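Coordinates in review
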Amino acid sequence: LRAMGFGSSYTAEKAGDATKLKPKGPEKVKELAKFDDALKDVKTLEFDLTGCVLLTTGPKIENCATLTTLKIDFKDCKACKTGFTLKGLSALTAVTFNFVKTMEITNAVIIKNCDALPKVEVDLRQCKNMQVAPQVENCPALKELKLDMSNCSKMLNAPNLETLTSLETLKLLC
């Protein structure tokens, strides 16, 4: 598994183009180890954060030109205050996030410069402490955006959608 480039902090399984990544000893993980260099040839990534009850910051996945499909499971991440960043993922066409009901997330759901991404659905209904709206910017292929922030009573601002020039369908629940 070390040969895959994820080091000793993760277990990684590869099946075809898909890579499943999970932190080792998730119940003790407070911060995710760096892994960006290991993603350079990954096309499909399933990032399983199940059991990471002490994790305070979600993953930052940046500048991976081959990544087309991404799934992040935040199950059990009750201490997570900062969501995730997806940036410069030019081939990304599908993304799925599973959030946990009692998550303490307050900000930093960022999706930027994902050139091929046609649709984004982010369900933050259970993130009652969310204060900063998700940032979805410079995604020229984005046609459909659904942001459900219906229980985010501490939200301080609405998302800025200025750079989403191809957007055809918007579902914004506040």
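Residues numbered from 1 in each chain as written. Predicted model: local features only at pLDDT ≥ 70, side-chain atom pairs only at ≥ 80, totals over all residues. Heavy atoms only, no water.

**Considerations on the overall build of the chain**
When helices and strands are counted, the chain shows 0 helices and 12 strands. Taken from N to C terminus, the helices and strands of the chain fall in the order β-β-β-β-β-β-β-β-β-β-β-β. When its C-alpha atoms are laid out on the principal axes, the chain stretches across 45 × 30 × 20 Å. Sequence-distant contacts in the chain: of pairs separated by 6 or more residues, those separated by 24 or more amount to 68%. Carbon and sulfur atoms make up 48% of the accessible area of the chain, which totals about 8800 Å². Taking the average place of the 25 positive charges on the side chains of the chain and the average place of its 21 negative ones, the gap between the two points comes to 5 Å. (Helix = DSSP H or I, 4+ residues; strand = E, 2+ residues; numbered from the N terminus. Contact = heavy atoms within 4.5 Å. Areas by Shrake-Rupley, 256 points an atom, 1.4 Å probe, with all protein chains shown as cover. Lys, Arg positive; Asp, Glu negative; His and termini not counted. Charge placed at Lys NZ, Arg CZ, Asp CG, Glu CD.)

**Things to note about the layout of surface pockets**
Looking at the largest pocket, its volume works out to about 290 Å³. Taken together, 15 residues line the largest pocket, and the ones lying closest to its centre are Leu32, Lys34, Gly58, Pro59 and Lys60. Of all the secondary-structure elements, those providing two or more residues to the lining of the largest pocket are β4 (60-62) and β6 (82-87). Looking at the lining of the largest pocket element by element, the count peaks at 4 residues for β6. Split into classes, the residues belonging to the lining of the largest pocket amount to 5 nonpolar, 5 polar and 5 charged. (1 Å grid on protein atoms, 1.4 Å probe; cavity = no way out; pocket = protein on both sides within 12 Å on 5 of 7 lines; lining within 4 Å. Points joined across faces, edges and corners; volume = space filled by probe spheres on them. Nonpolar A, V, L, I, M, F, W, Y, C, P; charged D, E, K, R; others polar.)

**Some points on the pattern of salt bridges**
Inspection of every chain in the model, using the stated rule, returns 4 salt bridges. Lysine 119 serves as the salt-bridge partner of glutamate 121, at 3.1 Å between the closest nitrogen and oxygen. Classification of glutamate 121 by relative accessible area gives partly exposed; the value is 37%. Note on lysine 119: relative accessible area 37%, which makes it partly exposed. The salt bridge involving lysine 143 is made with glutamate 168; its shortest N-O contact spans 4.0 Å. Taken together, the residues lysine 143 in the loop between β10 (135-137) and β11 (144-148) and glutamate 168 in the loop between β11 and β12 (169-173) connect sequence positions 25 residues apart. What makes glutamate 168 exposed here is its relative accessible area of 62%. (Salt bridge = Lys/Arg side-chain N within 4 Å of Asp/Glu carboxyl O. Buried < 20%, exposed > 50% of the residue type's maximum accessible area, 1.4 Å probe, protein only.)

**So, the side chain of threonine 44**
Mapped onto the elements of the fold, threonine 44 is located in strand β3 (residues 44-48). Residues in contact with threonine 44, not counting those within four places in the same chain, are Asp17, Ala18, Thr19, Leu67, Thr68 and Thr69.

**A look at the sheet that holds strand β1 (residues 10-15)**
Reading across from one edge, β1-β2-β3-β5-β7 is the order of the 5 strands in this open sheet, with mixed pairing throughout. Because the sheet does not close on itself, it has two edges, and the strands there are β1 and β7 (94-98). Between one strand axis and the next, the sheet turns by 10° as a mean value, whatever way the strands run. Pairing between β1 and strand β2 (residues 18-23): 6 bridges, direction antiparallel. (Pairing = 2+ DSSP bridges. Axes fitted to C-alpha atoms, helices over the stretch in contact; angles between N-to-C directions.)

**Remarks on the environment of proline 23**
Tracing the chain through its elements places proline 23 in strand β2. The class of proline 23 is buried, set by a relative accessible area of 4%. Through-space distance from the C-alpha of proline 23 to that of threonine 11 is 6.3 Å; in sequence the pair is 12 residues apart. Setting aside its immediate chain neighbours within four residues, proline 23 contacts Ser9, Tyr10, Val29, Leu32, Phe47, Asp48, Leu49 and Cys52.

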